[in-house]
Amino acid sequence: MNRALAGGSLGTFGAAAVVALCALVSVAGCALPAPSPAAPAVQAAAAPGQAAAAEAPATGSRVRHPANGRLEAVVPDISRTALLIGDSQSEPLDGWPRQALTAAGYKVYFCGRGGTGFVSANGSTGNYIEALRDGDWLLPSGTPALIVIQGGGNDAASGATDRQITTNAESLIGELQARYPGTPMAMIGTLARSKDDGGGRRTDVDTLLGSVAADHGLPFVSVGDWLTRYGLAKDLADAVHMNPSGRRALGTLLEQRLRDLGLERTQAPDTGAVLAAGAPGESQD
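Residues numbered from 1 in each chain as written. Predicted model: local features only at pLDDT ≥ 70, side-chain atom pairs only at ≥ 80, totals over all residues. Heavy atoms only, no water.

(A) Region of interest: the packing of aromatic side chains. Inspection of every chain in the model, using the stated rule, returns 2 aromatic pairs. On the numbers, 5.1 Å between centres and 70° between planes, the contact of F118 with Y128 is edge-to-face. Remark: Y128 occurs in helix α3 (residues 128-134) and F118 occurs in the loop between β5 (107-112) and α3; sequence separation between them is 10 residues. For Y128, a relative accessible area of 1% puts it in the buried group. Arranged with centres 5.6 Å apart and planes meeting at 90°, the rings of W226 and Y230 form a pair that is edge-to-face. (Phe/Tyr/Trp six-rings, centres within 6.5 Å; stacked < 30°, edge-to-face > 60°. Helix = DSSP H or I, 4+ residues; strand = E, 2+ residues; numbered from the N terminus. Buried < 20%, exposed > 50% of the residue type's maximum accessible area, 1.4 Å probe, protein only.)

Written as structure tokens, this is what we have:
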């Protein structure tokens, strides 16, 4: 934890290669390469309309936000991009939250990692709020079209208390709203069976996160009974993760819920429009 990030910017050719690789690789995530330590990070513009620098930062490079001093990633088409924060349900390039957001018209920039959550860390990456504050993953520069926070499964498995989950979820929401004022935000709960079908703590955490979202006026998609409600337990690859057929089914269901909530983009979605900022996937939720 608290790994130091060297500042700097990538050349245009190298940055383009990174973006192309992110769209093509089949593993769950494509880490942004560390810039050269010899050059300082590019300073982000302080406000819209400010005089432009002689040369805009290259896609894939890192800039330092002027207000909070944190390094951020330069992302193409940020105004058409959804920032997705999540665990291993979201991390794979064909993860169901990613599929839903892409089908709803967004490019996707992922921050997160398998095994993490609002409270849970995976040993190399902190929980969501720690990872944001310590630079385990980088937020995108600029203003995304939508922010979606998914998770809770690892918190359910690790024994995190309601108070711990609520406190950290509220801290994350607060920091994201401060960083991206005016950007719509939504939450997705914890994938599980129904309460009467063995959902257990996972279903409880889903309900808890729904209450947190309601307290902050955020749209919430409860998925704490979806495995039972939609007969998808047969598509589990293990105790908590879906096989490809299950991921496609969940992606379709979630896309419809996003549209029901008015969270889709009206423009047609782009193909191959997945970006990633996390590290390679883990076997955890």
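(B) Geometry of the pairing of β5. With 6 of 6 residues buried, β5 lies mostly within the body of the structure. Residues of β5 alternate between two faces, with K107, Y109 and C111 on one and V108, F110 and G112 on the opposite face, all of them buried. Here strand β4 (residues 81-86) runs beside β5; their pairing, made up of 6 bridges, is parallel. Bridge pairing in β5 links A82 to V108. What joins β4 to β5 is helix α2 (residues 96-103), and the crossover it makes is right-handed. (Pairing = 2+ DSSP bridges. Right-handed = clockwise from strand over helix to strand, strands pointing away.)

(C) Inspection of the pattern of salt bridges at higher detail. Using the criterion set out here, one finds 13 salt bridges in the structure. Salt-bridge contacts for R247 lead to D94; the nearest nitrogen and oxygen are separated by 2.9 Å. You can see R247 sitting in helix α8 (residues 244-260) and its partner D94 sitting in the loop between β4 and α2, a full 153 residues away along the chain. The class for D94 is partly exposed, based on a relative accessible area of 30%. The structure contains a network of salt bridges with shared partners spanning R70, R133 and E175. (Salt bridge = Lys/Arg side-chain N within 4 Å of Asp/Glu carboxyl O.)

(D) Highlighting the side chain of E72. Structurally, E72 is set in strand β3 (residues 71-73). Given a relative accessible area of 1%, E72 falls into the buried group. In contact with E72, other than residues within four places in its own chain, are S61, R62, V63, H65, L138, L139, P140, S141 and R179. (Contact = heavy atoms within 4.5 Å.)

(E) Representation of the packing of α2 against α8 within the structure. Axis separation between α2 and α8 bottoms out at 7 Å; the angle between their running directions is 45°. By the angle between their directions, the pair α2 and α8 is classed as oblique. At the point where α2 passes α8, the crossing takes the right-handed sense. Side by side, α2 and α8 meet where W96, P97, Q99, A100, L101 and A103 of the first sit next to R247, R248, L250, G251, L254, E255, L258 and R259 of the second. Along the lines of polarity and charge, the residues of the contact of α2 with α8 split into 8 nonpolar, 2 polar and 4 charged. (Axes fitted to C-alpha atoms, helices over the stretch in contact; angles between N-to-C directions. Parallel < 35°, antiparallel > 145°, perpendicular 65-115°, else oblique. Left-handed = near helix turned anticlockwise from the far one by under 90°. Nonpolar A, V, L, I, M, F, W, Y, C, P; charged D, E, K, R; others polar.)

(F) Region of the structure containing the environment of T228. As for its position among the elements, T228 is in helix α7 (residues 226-229). With a relative accessible area of 31%, T228 lands in the partly exposed category. As for T228 and A192, which are separated by 36 residues in sequence, their C-alpha atoms are 7.9 Å apart. When neighbours within four sequence positions are excluded, T228 is seen to be in contact with A192, R193, S194 and D197.

(G) Broad picture of the packing of helix α5 (residues 162-179) against helix α6 (residues 200-215). It is the contact of α5 with α6, at a shortest axis distance of 10 Å, that shows an interaxial angle of 40°. Considering their axes alone, α5 and α6 lie oblique with respect to each other. At the point where α5 passes α6, the crossing takes the right-handed sense. Contact residues: α5 offers D162, I165, T166, A169, E170 and I173, while α6 offers R201, V205, L208, L209 and V212. Within the contact of α5 with α6, the residues separate by chemical class into 7 nonpolar, 1 polar and 3 charged.

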